[in-house]
Every structure is written in C-alpha cells, then in structure tokens.
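Next come the chains, spelled out residue by residue.
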Amino acid sequence: MNNTKTSDVLLRFENETGTGQIEAYEVFPGILLSYSNFHLEQCESNYTQSQNMFGFEYCIGGKIQWDRQDGKSAFLSAGSFMPYDYRQSIGRFLFPQKNYQGISFGIQLSKAQGQLPPNFHIDLERLRERFCMGNNLDLSSSPLATNVLGIVQASLYQTDLHRKLACLQLLLFLQDLQWTEYTAQPIYLPSSQVRKLKQVADIILNNLEHHYTLHELSQTIGIPVTTMRRHFASIYGCSVAKFARKHRVEEAQRLLRETELTTSQIASVVGYDNPSKFASVFRSNTAMTPQSYRKKSREQNGA
C-alpha cells in the first residue's frame, strides 16, 4: 500500500522580488522535515521566537543569507550543511542569487522530547549542545554523509515511513559524528558590510553599459579591494567580473527576445563597444550566437 502524501504544510511566498514555497512534513511530533524552493530576493519567517527550536539546513543549490540577532549575517552555499538555533534568528532570510533550494530539519525540543522510538537512544538536547555553536559542517568528504543526506532528500517524495526512517538515520549519523573533523569556518559578515557589498551589485546592475574597475567600486563603498573581492564572492558565489558578465548576458537575452534592436545596438547597451567581443562573450555563456538565440526564442514563441 502506497501512503505517499502531499506535505503537511505548504507555505507559499510572493512579493515584488519573486516567488517561493516551503513543503513541510511533521515526521515525528515536534520534528519537521521541509524542502525550500525560492526564486526571490528575501522572505520573512514566523519561527523566530521559539526558544526551544533548533535544526539543520542543507543547501542543495543557490545561496541563502541568514540575518542574526548579533547584527551579523551567515551565508550557506550549495553542498554546505549548517546547524542553526532559532534563538539567534531575527526571522529574515535573503537569497543573493535570487535562487535557493534546500532541506531543513527542524526540532522543537519541548514537543519532540520523548517522541522518538526509545530503542534508538537519540538525545536531542545533546545534539543541540554539540552542534549549535556557530560552526558550519563541511561533509563533502564523507561518503556516509552524502549517502544519508541523499536518503533524506529522496524521502521527501516517498512515504511517511520512508521519511521517518530517513530522519532517524540522519539523527543517528549526527549523534555519532566526530563533528570536529568536519567543522568548516562559517561565513559571518557584519550587516553593515553586507549592505555595502550589495551596493556594488546594484551599481553594476543599474549601469551595465559601464565597466567599473575594482578600484572604482572599492572607493565608492569604502572597503579595501581585497576584502571587497573576497566577501563579494562569499555573498554572490562568484567574482565581481563574473557577476557583471552574467547579468550583461541576461540583459542581452531579454533585449534580443523583446526588442528589435540590432546586435550592435544591444552590445552597446550592455557595455560592449566591439560587437565581435560581445558576440564572443554571449556565445561562451549561452553556447549560441546572439542571432541564433533571437531566432530560436522567436520560433518558440511562434513569432
């Protein structure tokens, strides 16, 4: 008998920056397994005031920024695994790449205590004490961790029994884990610095026709070049140059689809005086020439 079911809770998010949703299952009383899929810039959480809730976040794709009570922001990238404590949260999550997919495993201690099968001997309070100390875990070198997280991810699309077994397996794995072997230095940046680095992104996005030097951007936001480069990559997952190139190509794609501007005109709009240089950059990022992209997009739209 297949007792696969839809999520116990389905939360949808929509604002001026995009959409997203969270599918959550209460696997055991007080223990939630959820899958997040966001294509927006930020959202608010209602779980900020729970003094007894902690958990683990596994980033499948994209990047998430978690703003904390201490005025710092934590960042999680694809493949990273982060313990978290809701007592540190202010309830705001941001997605610098406007894209995020991840699995959350939340535990409300006051409700979950005594709800797990006793023969598994899982101490939830000890788990929080061990893991919620501000460290990320880099489990990429552990084949067992990869296997366990894969089982948890697959269980989201299976039965209640699969989810229960997967969560028990994850808890047992974490309880036995020699976590100091996998500790990764978390990325925590002061919120004031995060705002300045996002100013760099805004400057680029609002002036695609201009090629700023790192020195110009550094002078504008008042952060040394080396620090700016390193922390910009921490937030956006790429260098300043790659970020600018990606968004120039995306804007060029939009113009090719939606306007009658010539390729040379579009090249100029997105910052390339040399159409051949523009075509080369476009082709290296899309595997198509600008002309082929325009033709294909119009064929698909029936134009």
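Worth saying up front: this structure is predicted, and the values here are computed from it rather than measured. (Residues numbered from 1 in each chain as written. Predicted model: local features only at pLDDT ≥ 70, side-chain atom pairs only at ≥ 80, totals over all residues. Heavy atoms only, no water.)

Some points on the overall build of the protein
Thought 1: Regarding its fold elements, the protein presents 11 helices and 12 strands.
Thought 2: Going through the 303 residues of the protein one by one, you find that 48% of them count as buried.
Thought 3: In the protein, 67% of the contacts between residues at least 6 apart in sequence involve partners at least 24 apart.
Thought 4: Carbon and sulfur atoms make up 48% of the accessible area of the protein, which amounts to about 15500 Å² in all. (Helix = DSSP H or I, 4+ residues; strand = E, 2+ residues; numbered from the N terminus. Buried < 20%, exposed > 50% of the residue type's maximum accessible area, 1.4 Å probe, protein only. Contact = heavy atoms within 4.5 Å. Areas by Shrake-Rupley, 256 points an atom, 1.4 Å probe, with all protein chains shown as cover.)

Here's the deal with the pairing of strand 7 (residues 81-85)
Note on strand geometry: in a regular strand, side chains alternate between the two faces of the sheet.
Thought 1: For strand 7, the buried fraction is high: 5 of the 5 residues fall into the buried class.
Thought 2: Residue alternation in strand 7 divides its side chains into two sets, Phe81, Pro83 and Asp85 and Met82 and Tyr84, and both sets are buried.
Thought 3: With 5 bridges joining them, strand 5 (residues 53-68) and strand 7 adopt antiparallel strand pairing. Residue Glu57 lies in a different strand from strand 7, and its bridge partner there is Met82. (Pairing = 2+ DSSP bridges.)

A look at the nonpolar core
Thought 1: Formed by 34 residues in total, the largest nonpolar core has its most connected members in Phe105, Ile107, Leu124 and Leu174.
Thought 2: For this core, the secondary structure elements donating two or more residues are strand 2 (18-28), strand 3 (31-39), strand 5, strand 9 (100-108), helix 1 (109-112), helix 2 (124-131), helix 3 (143-155) and helix 4 (160-176).
Thought 3: A per-element tally of this core places helix 4 first, with 7 residues.
Thought 4: With residues up to four places along the chain from it excluded, the contact list for Ile107 reads Gly30, Ile31, Asn52, Met53, Phe54, Ala112, Leu124 and Leu171. (Core = buried A, V, L, I, M, F, W, Y, C linked by side-chain atoms within 4.5 Å.)

Looking at the pattern of salt bridges
Thought 1: A complete count under the given rule lists 8 salt bridges for this structure.
Thought 2: Of the charged contacts in the structure, one is a salt bridge between Glu125 and Arg128, with a shortest N-O distance of 3.6 Å. Taken together, the residues span about one helical turn, with Glu125 and Arg128 both in helix 2 at a distance of 3 residues.
Thought 3: The residue Glu251 makes a salt bridge to Arg254 at a minimum N-O spacing of 2.7 Å. (Salt bridge = Lys/Arg side-chain N within 4 Å of Asp/Glu carboxyl O.)

Notes on unusual backbone geometry
Thought 1: Even without a glycine there, the phi angle at His121 is positive, about 55 degrees.
Thought 2: With respect to the helices and strands, His121 occurs in the loop between helix 1 and helix 2.
Thought 3: Judged by relative accessible area, His121 falls into the exposed class, the value being 64%.
Thought 4: Phi is positive for Ala287, which is not a glycine, with a value near 65 degrees.
Thought 5: Topologically, Ala287 is positioned in the loop between helix 10 (275-286) and helix 11 (290-300).

These figures capture arrangement, not role.
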